[in-house]
Amino acid sequence: MTHLHLLDELTQRGLVAQMSDPAALRDHLATARTLYCGFDPTAGSLHIGHLVPLLMLRRFQLAGHTPVALVGGATGLIGDPSFKATERSLNSADTVQGWVASLSAQIKALLPASDGLAAPVLVNNADWMGQMSALDFLRDIGKHFSVNAMLARESVRQRLARPDQGISFTEFSYALLQSQDFAVLSQRLGCTLQIGGNDQWGNITSGMDLTRRLHQTQVHGMTLPLITKADGTKFGKTEGGAIWLDPALTSPYAFHQFWLGTADEDVYRFLRYYSFMPLAAIRELEVEDAGRQGRKQAQQVLADELTELVHGKGALAAARRIGELLFRGDVARLGESDLAQLAQDGLPSSPIEGETDLVTLLVECGLANSRRIARELLAAGAISLNGGIRQDEQVTDGDWLFGRYLLLRRGKKQYHLVIRS
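Worth saying up front: this structure is predicted, and the values here are computed from it rather than measured. Throughout this document, residue positions are counted from 1 along each chain, in the order its sequence is written. Local features in this predicted model are restricted to residues whose pLDDT is 70 or higher, and side-chain atom pairs enter the listing and the counts only when it is 80 or higher, whereas totals over whole chains, interfaces and linings include all residues. Only hydrogens and water are set aside when side-chain values are computed; all heavy atoms of the structure are taken into account.

(A) Geometry of the sheet that holds strand β3 (residues 66-71). Spatially, the 6 strands line up as an open sheet ordered β1-β6-β5-β2-β3-β4, and their pairing is mixed. The two strands at the open ends of the sheet, each matched to only one other strand, are β1 (18-19) and β4 (121-124). Following DSSP output, two strands are said to pair if at least two bridges run between them. Each helix corresponds to a stretch of at least 4 residues labelled H or I by DSSP, and each strand to a stretch of at least 2 residues labelled E; elements are numbered beginning at the N terminus. Across 6 bridges, the pairing between strand β2 (residues 34-39) and β3 is parallel. Paired with Tyr 36 across the bridge in β3 is Val 68. Contact definition: two residues touch when any of their heavy atoms are within 4.5 Å. Here, axes are lines fitted to C-alpha atoms. For helices the fit covers the stretch in contact, and angles between N-to-C directions go from 0 to 180 degrees. Its contacts with the sheet put helix α3 (residues 51-62) on β2, β3, β5 (191-197) and β6 (220-224), and the angle it makes with β2 is roughly 165 degrees.

Given below as structure tokens:
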């Protein structure tokens with residue numbers, strides 16, 4: 001990919017929602033530039049919703065530009081009201097500071113320095129906002145904003161239309177803070193492009209205007225589309241909540257399984273969004289899958305690419321091994337770390353204390369509706385324990401894998417992991 005054709009590449013991937021001036025931006029990107037994207041610390045980890053803008057920074061880096069990732073140590077104390085139905089709860093300064101450190105580490109891992117490429121830059125807007133007094137902010141920044149224009153913004157009008165909610169002055173002022181980021185980064189780092197999600201368009205254009213007013217500098221903005229599934233629903237969450245990039249919150253195995261579960265209607269589009277596969281290779285894969293009998297290959301490619309990107313080759317190998325062993329029922333070969341991942345979020349699981357028997361476990365785990373049915377399942381050889389068929393009810397100390405795990409299975413697919421505390 002070269003920077004001369006970068007916008008064409010991004011457009012063909014479906015990664016462009018809005019641009020401030022397409023022709024001017026195309027000309028602007030003909031030479032190496034500096035761009036930024038902001039990430040507010042609203043939790044202790046990034047989730048897959050953050051991946052597309054992060055990978056967008058990487059795409060610009062590969063095209064010869066310098067990516068700047070901004071972690072909002074200051075804006076994270078306020079909260080972005082953009083298209084949020086209710087006022088955010090404010091988090092403590094210590095909490096936000098801890099989240100800033102966690103997000104910074106994740107961003108560094110996903111934006112590595114590479115030979116021949118511009119080194120990525122990581123900044124925290126608390127470094128400049130924390131030194132600014134309220135009077136300086138009102139005089140130097142607030143003076144350039146029209147309340148009339150701010151009230152006309154769609155995200156604000158939606159909140160004002162809900163008298164039960166409204167909008168606080170704190171959140172109303174958020175756009176000024178983000179606008180100041182663009183002005184500061186333009187002056188300090190020569191940043192001339194801000195990218196962000198489609199819900200950030202109002203904040204981005206405000207930042208462009210403030211930068212022009214303060215520094216007489218022409219800068220640009222671009223947004224990415226909201227990622228949705230084919231059925232129109234928002235992508236990136238499951239019944240259990242967000243899919244996190246932190247392996248302590250979403251295990252690599254569960255992360256890999258999430259992508260394996262992508263619908264056929266979505267998978268090739270998600271390959272364009274999330275992978276660095278050339279477009280021609282994605283089209284070729286789609287053609288091959290169309291003529292393939294049985295399971296498509298695209299989900300495997302997507303899951304493998306994203307798991308390796310986020311968690312590394314070792315974690316990908318472990319995730320694939322766990323999945324294959326469970327599929328074959330060869331669970332005796334699962335290692336202690338494999339079982340720990342399954343206990344975290346990979347399988348239905350239950351803690352247990354004290355002595356027990358299989359009939360009790362089957363009922364408590366929901367694999368049998370009653371003790372009578374549990375005994376019938378055991379007698380019929382329909383229950384396996386740690387990969388082996390079991391027909392007796394007794395559980396001995398030797399059955400506990402690594403001293404604390406029992407892996408029950410009813411039939412071929414209904415697994416349940418019991419964890420001894």
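There's more to say after this.
(B) Up close: the packing of aromatic side chains. When two rings of Phe, Tyr or Trp (its six-membered ring) have centres within 6.5 Å they constitute a pair, described as stacked for plane angles under 30 degrees, edge-to-face for angles over 60, and tilted for the intermediate range. Tallied over the full model, the rule gives 10 aromatic pairs. Measuring from centroid to centroid gives 4.3 Å for Phe 235 and Phe 270, while their planes differ by 45 degrees, and the two rings are tilted. Placement of the pair is Phe 235 in the loop between β6 and β7 (237-238) and Phe 270 in helix α13 (residues 264-274), with a sequence separation of 35 residues. Under the relative-accessibility criterion, Phe 235 is labelled buried at 11%. Here Phe 270 falls in the buried class, since its relative accessible area comes to 1%. Residue burial is assigned from relative accessible area. The probe radius is 1.4 Å, only protein chains are included, and a residue is buried under 20% of its type maximum, exposed over 50%, and partly exposed in between.

(C) Geometry of the sheet that holds strand β11 (residues 388-389). Taken in spatial order, the 5 strands make up an open sheet running β9-β13-β12-β10-β11, and their pairing is mixed. Looking at which strands have only one partner, the edges of the open sheet turn out to be β9 (349-352) and β11. Taken together, the 3 bridges between strand β10 (residues 383-385) and strand β12 (residues 405-410) define a ladder with antiparallel strand orientation. The partner of Ile 383 across the bridge, within β12, is Arg 410.

(D) Layout of the environment of Val 121. In this fold, Val 121 is placed in strand β4. Along the backbone, Val 121 and Leu 70 are 51 residues apart, and their C-alpha atoms lie at a distance of 8.4 Å. Those residues in contact with Val 121 that lie beyond four places of it in its chain are Thr 66, Pro 67, Val 68, Ala 69 and Leu 189.

(E) Structural detail: the confidence of the model for the chain. Predictor confidence is given residue by residue as pLDDT, running from a minimum of 0 to a maximum of 100. Here the chain shows a mean pLDDT of 92. Residues at 70 or above account for 98%. Of all helices and strands in the chain, the one with the weakest mean pLDDT is β7 (66), whereas β2 scores best (98).

(F) Layout of the side chain of Arg 409. For Arg 409, the location among the structural elements is in strand β12. Positive charge is attributed to Lys and Arg, negative charge to Asp and Glu, and no charge count is given to His or to the chain ends. Only one rule defines a salt bridge in this text: a Lys or Arg side-chain nitrogen within 4 Å of an Asp or Glu carboxyl oxygen. Despite its burial, Arg 409 pairs with no opposite charge; the closest candidate is Asp 330, at 9.6 Å N-O. Engagement of the side chain of Arg 409 in a polar contact is seen with the backbone oxygen of Gly 411, the distance being 3.1 Å. For Arg 409, the side chain forms a polar contact with the side chain of Tyr 415, separated by 3.4 Å. Excluding residues within four positions of it along the chain, Arg 409 makes contact with Gly 329, Ala 382, Ile 383, Ser 384, Gln 414 and Tyr 415. Polar contact is defined as a pair of N or O atoms within 3.5 Å, subject to the rule that within protein one atom must be able to donate a hydrogen and the other to accept it, and that residues adjacent in sequence are counted only when both atoms are side-chain atoms.

(G) Main features of the environment of His 215. Within the secondary structure layout, His 215 lies in helix α11 (residues 201-215). With 29 residues separating them in the primary sequence, His 215 and Ser 186 have C-alpha atoms 8.5 Å apart. Here His 215 is in contact with Ala 183 and Gln 187, once residues within four sequence places are set aside. A polar side-chain atom of His 215 sits 3.3 Å from the main-chain carbonyl oxygen of Ala 183.

(H) Main features of the pairing of β12. Taking burial as the measure, the 6 residues of β12 include 5 buried ones, the bulk of the element. Examined bridge by bridge, β12 and strand β13 (residues 414-420) share 6 bridges and lie antiparallel to one another. In the sheet register, Arg 409 faces β13, and the bridge partner there is Tyr 415. Following β12, the chain reverses through 3 residues before pairing antiparallel with β13; Gly 411 in that reversal takes a positive phi of roughly 70 degrees.

(I) Structural view of the nonpolar core. Take the buried residues of types Ala, Val, Leu, Ile, Met, Phe, Trp, Tyr and Cys, join any two whose side-chain atoms come within 4.5 Å, and each joined set is a nonpolar core. Ile 48, Leu 51, Phe 60, Ile 195, Met 222, Trp 259 and Tyr 274 are the most contacted members of the largest nonpolar core, which totals 53 residues. Formed by 24 residues, the second largest nonpolar core is a distinct cluster that contains Phe 145, Met 150, Leu 177 and Ala 183.

(J) Quick look at the pattern of salt bridges. Scanning the entire structure with this criterion turns up 18 salt bridges. For Asp 266, the salt bridge is made with Arg 269, and the minimal N-O distance between the two is 2.7 Å. Placement of the pair is Asp 266 and Arg 269 together in helix α13, with a separation of 3 residues, close to one helical turn. Judged by relative accessible area, which is 3%, Asp 266 ranks as buried. Among the ionic pairs, Glu 376 bridges to Arg 372, the shortest N-O distance being 2.8 Å. Placement of both Glu 376 and Arg 372 in helix α19 (residues 371-379) is noted, with a separation of 4 residues, approximately one turn of the helix. Judged by relative accessible area, Glu 376 falls into the partly exposed class, the value being 44%.

(K) Region of the structure containing the UniProt feature "binding site: L-tyrosine" (unreviewed entry) in the chain. Under the feature "binding site: L-tyrosine" (unreviewed entry), the UniProt entry names Tyr 36, Tyr 174 and Gln 178. By secondary structure assignment, the location of Tyr 36 is in strand β2. Residue Tyr 36 is classed as buried on the basis of its relative accessible area, which comes to 1%. For Tyr 36, the contacting residues outside a window of four places in its chain are Leu 57, Val 68, Leu 70, Gln 178, Asp 181, Phe 182, Leu 185, Cys 191, Leu 193, Gln 194 and Ile 195. Under the relative-accessibility criterion, Tyr 174 is labelled buried at 4%. For Tyr 174, the contacting residues outside a window of four places in its chain are Asp 40, Thr 75, Ile 78, Gly 79, Asp 80, Pro 81 and Asn 203. UniProt positions are given in the numbering used here, feature names are shortened, and annotations may be inferred rather than shown by experiment.

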